[in-house]
Amino acid sequence: MPQPKYRKIAVLGYRSVGKSSLTIQFVEGQFVDSYDPTIENTFNKMVSVNGQDFNLQLVDTAGQDEYSIFPQSHSMDIHGYVLVYSVTSMKSFEVVQVLHDKLLDMVGKIQVPTVLVGNKKDLHMERVIKPEEGKKLADSWGAAFMESSAKENQLDFSHHI
Ligand SMILES: Nc1nc2c(ncn2[C@@H]2O[C@H](COP(=O)(O)OP(=O)(O)OP(=O)(O)O)[C@@H](O)[C@H]2O)c(=O)[nH]1
């Protein structure tokens, strides 16, 4: 059996898009309905993909907006990024694009391993971003794309690791 590989993943996005909820749902299998703004939390989870074990360290970061100073720590020792917006918030979709630009600028690369996630897909009546728009943005980055609901436990990051 090969040794587990260590992977550190940062979860970034605008405020209240569900970064903590997605992370907690993925790691602990539960949904917390209350809103408690995050400063920064780290979670660990072992996952197995195609017979290879991965020791995932997920860094759930504080919500940012287009004016936030992008913390340098978000560009160091990170193997990949989960950039989250809410399908109910145009603002969050705009902010995720600004964050992606800042990220590339900070790491000095033209591409970083990224999954773009459109969360809160259970809120059908409040949706303002179509799946095609998220997919188009992810394609322009060379990133993977998925929609999710932390509430209804519809997420599967594992095949994107
Ligand atoms: N309906 C629905 N609500 C969600 C979903 N994900 C998160 N929420 C709710 O949205 C609110 C914000 O969720 P958080 O996970 O705290 O968001 P966050 O992005 O970590 O927020 P910050 O820490 O401020 O950056 C909470 O009230 C959650 O219960 C989802 O998939 N569906």
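Structural notes, computed from the coordinates. Note that the structure is a prediction, hence the values are computed from the model and not measured.

### Brief notes about the packing of aromatic side chains
By convention here, two paired aromatic rings are described through the distance between centres and the angle between planes. Counted according to the given criterion, the structure contains 1 aromatic pair. The ring of F26 is capped by K45, whose NZ or CZ atom sits 4.8 Å from the centre of that ring.

### Quick notes on the pairing of strand 5 (residues 114–119)
With 6 of 6 residues buried, strand 5 is to be regarded as a mostly interior element. Side chains of strand 5 alternate between two faces, with T114, L116 and G118 and V115, V117 and N119 buried alike. Pairing between strand 4 (residues 80–86) and strand 5: 6 bridges, direction parallel. Pairing of Y81 across the sheet is with T114, part of strand 5. Regarding the hand of the β-α-β motif, the stretch spanning strand 4, helix 2 (residues 90–107) and strand 5 is right-handed. One ladder, built from 4 bridges, connects strand 5 with strand 6 (residues 144–147); its direction is parallel. When the sheet's bridge partners are listed, L116 is paired in strand 6 with F145. Assessed by its sense of winding, the connection that carries the chain from strand 5 through helix 3 (residues 131–141) to strand 6 is right-handed.

Parameters and conventions
Residues numbered from 1 in each chain as written. Predicted model: local features only at pLDDT ≥ 70, side-chain atom pairs only at ≥ 80, totals over all residues. Heavy atoms only, no water. Phe/Tyr/Trp six-rings, centres within 6.5 Å; stacked < 30°, edge-to-face > 60°. Lys NZ or Arg CZ within 6 Å of the ring centre and 35° of its normal. Buried < 20%, exposed > 50% of the residue type's maximum accessible area, 1.4 Å probe, protein only. Helix = DSSP H or I, 4+ residues; strand = E, 2+ residues; numbered from the N terminus. Pairing = 2+ DSSP bridges. Right-handed = clockwise from strand over helix to strand, strands pointing away.

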